[in-house]
Amino acid sequence: MSGRDVVGPGGESNLKRGINMRMLLDLQKKLVPDLLDVIGMRYRVLRFIRLMQPIGRRTLANSLEMSERVLRSEVTFLKEQGLVHVAASGMTLTEEGMILLSQLEDVMKEVFDIRQMEIELQQKLDLAEVHIVPGNSDEFSWVKKEMGRTCIALMKKKLFAKGNTIAVTGGTTIAAVAEMMIPDVDLKEALFVPARGGLGEQVENQANTICATMARKAMGSYRLLHVPDQLSKDAYESLINEPSVKQILELIRSANVVIHGIGEAQTMAERRNSSQEVLEKLENANATAEAFGYYFDQSGDIIHKVLTIGLQLEDLKGIPHIIAVAGGASKANAIKAYMKYGTNQVLVTDEGAAKAILKKT
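Residues numbered from 1 in each chain as written. Predicted model: local features only at pLDDT ≥ 70, side-chain atom pairs only at ≥ 80, totals over all residues. Heavy atoms only, no water.

Topic: the nonpolar core
Core analysis: the biggest nonpolar cluster contains 54 residues, and I166 and F192 have the highest contact counts within it. Beyond its immediate stretch of four places on either side in the chain, F192 contacts I166, M181, L187, C211, M214, A215, A218, S221, Y222 and R223. Residues L249, I262, Y338 and M339 belong to the second largest nonpolar core, which totals 47 residues. (Core = buried A, V, L, I, M, F, W, Y, C linked by side-chain atoms within 4.5 Å. Buried < 20%, exposed > 50% of the residue type's maximum accessible area, 1.4 Å probe, protein only. Contact = heavy atoms within 4.5 Å.)

Comments concerning the packing of aromatic side chains
Applying the stated criterion across every chain yields a total of 4 aromatic pairs. Ring centres of F48 and W142 lie 5.2 Å apart, and the angle between their planes is 80 degrees; this geometry places the pair in the edge-to-face category. Residue F48 is found in helix α2 (residues 33–52), and its partner W142 is found in helix α7 (residues 142–157); the two are separated by 94 residues along the sequence. Taken individually, F48 and W142 each receive the classification buried, so the pair is uniform in this respect. Centroid distance F296 to Y338: 5.4 Å. Interplanar angle 75 degrees. Geometry classified as edge-to-face. A residue pair is termed long-range when its members are at least 10 positions apart, and F296 in strand β10 (residues 294–297) and Y338 in helix α14 (residues 332–339) qualify at 42 residues. By relative accessible area, which is 0% here, F296 ends up buried. Following the ring pairs from residue to residue traces out a cluster consisting of F48, F140 and W142. It is R42 that lies over the ring of F77; its NZ or CZ is 3.8 Å from the centre. The ring of Y294 carries K305 above its face, with NZ or CZ at 5.1 Å from the centroid. (Phe/Tyr/Trp six-rings, centres within 6.5 Å; stacked < 30°, edge-to-face > 60°. Helix = DSSP H or I, 4+ residues; strand = E, 2+ residues; numbered from the N terminus. Lys NZ or Arg CZ within 6 Å of the ring centre and 35° of its normal.)

Digging into the pairing of strand β4 (residues 165–168)
By the alternation rule, side chains of β4 split into T165 and A167 and I166 and V168, which are all buried. In terms of strand pairing, β4 meets strand β5 (residues 191–194) through 4 bridges, oriented parallel. Within β5, the position partnered with T165 by the bridge is L191. Assessed by its sense of winding, the connection that carries the chain from β4 through helix α8 (residues 172–179) to β5 is right-handed. By the bridge criterion, 3 bridges tie β4 to strand β7 (residues 257–260) in an arrangement that is parallel. Bridge assignment links A167 to a residue of β7, and that residue is V258. (Pairing = 2+ DSSP bridges. Right-handed = clockwise from strand over helix to strand, strands pointing away.)

Some points on the sheet that holds β5
The pairing of strands in a sheet comes from backbone hydrogen bonds and takes either a parallel or an antiparallel form. Across the sheet, 7 strands lie side by side as β3-β13-β12-β7-β4-β5-β6; this open sheet has parallel pairing. Pairing within the sheet leaves two strands with one partner each, and these edge strands are β3 (129–133) and β6 (221–222). Sheet analysis places β7 next to strand β12 (residues 321–325), joined by 4 bridges and oriented parallel. In the sheet register, V258 faces β12, and the bridge partner there is I322. The strands that helix α9 (residues 207–218) touches are β4, β5 and β6; relative to β5, the one it contacts most, it runs at about 170 degrees. (Axes fitted to C-alpha atoms, helices over the stretch in contact; angles between N-to-C directions.)

Details of the pattern of salt bridges
Throughout the structure, instances matching the rule amount to 15 salt bridges. Two residues, D315 and R253, come together in a salt bridge whose shortest N-O distance is 3.6 Å. Pair noted here: D315 is in the loop between β11 (302–305) and β12 and R253 is in helix α11 (residues 243–253), with a separation of 62 residues, a long-range link. Accessibility expressed as a relative area gives 17% for D315, which makes it buried. Under the relative-accessibility criterion, R253 is labelled partly exposed at 39%. Residues participating in the shared-partner salt-bridge network are R47, R50, E105, E146 and R149. (Salt bridge = Lys/Arg side-chain N within 4 Å of Asp/Glu carboxyl O.)

What follows is the structure, given as structure tokens:
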């Protein structure tokens, strides 16, 4: 098998289970083709209710692009099965509904061929792990929340018993990760820190804000980095020697988990209000991706670096768990370019990005 070992401990029995599951699904498609369509539809309904609960029927119908008449029938069935609770405030999942949805997720990955896509993408990008959620975040904003929920579940699996420091970057995707954070006893002693200074963008998408939001929702603690993301050389030299800045930088570099996004180069350069000279440099060098203030071309080579205070690429070598979260077909090139540099990371992405990457040679 090329690439990394995707079988793992006990892999032979897992592989047999996967083959048996695949055979069963293939038989069902032939004998009862409508069954999988119905399961898929009800799975989408349950999944969206979990993301947006409490949610009204009209909002849910619009979000799923489903008629209210069809949705009413599905909700009635799910309510009768004890999976959904309907109240004046909106629909929510029952405890049984949450359990069933969790059990369904692995099955649906087989139904939508996502499990095979994960294996192929892991091998193609030479990554430690790949996790794909159904949907395309370019088309549906709620898919970012699904990526966020998956990221949070992964992060919790990688925590040490005590003394966890979790560094997070900014951006809309990582903001969605923060939104999906819930209180957890294992995170009460965790320290959340921003991986870099402010980007000058909307405050809710800045690393400091996301860091504080995660800590508050997880009932952990946090420290902030009160410096701009982009600095002149003189300002950088002055701030880097400030005792308070040095202290927070030490905490950031000691993180055992980093959660970060991947940006499109031109989009990120414009958000940074980069000079015309920099914009032309990036365009001439076919800049494709951005992460941690570094810009990469299609080969994964660094072609430009912004002078920033925060986590640097060389710092990542000492951090045991790095989770990149990025999705949408529009980001396929950026993900592919950055991952040529960031191998051995964990990628959480969506179906839209995965399909676009796998189509490309």
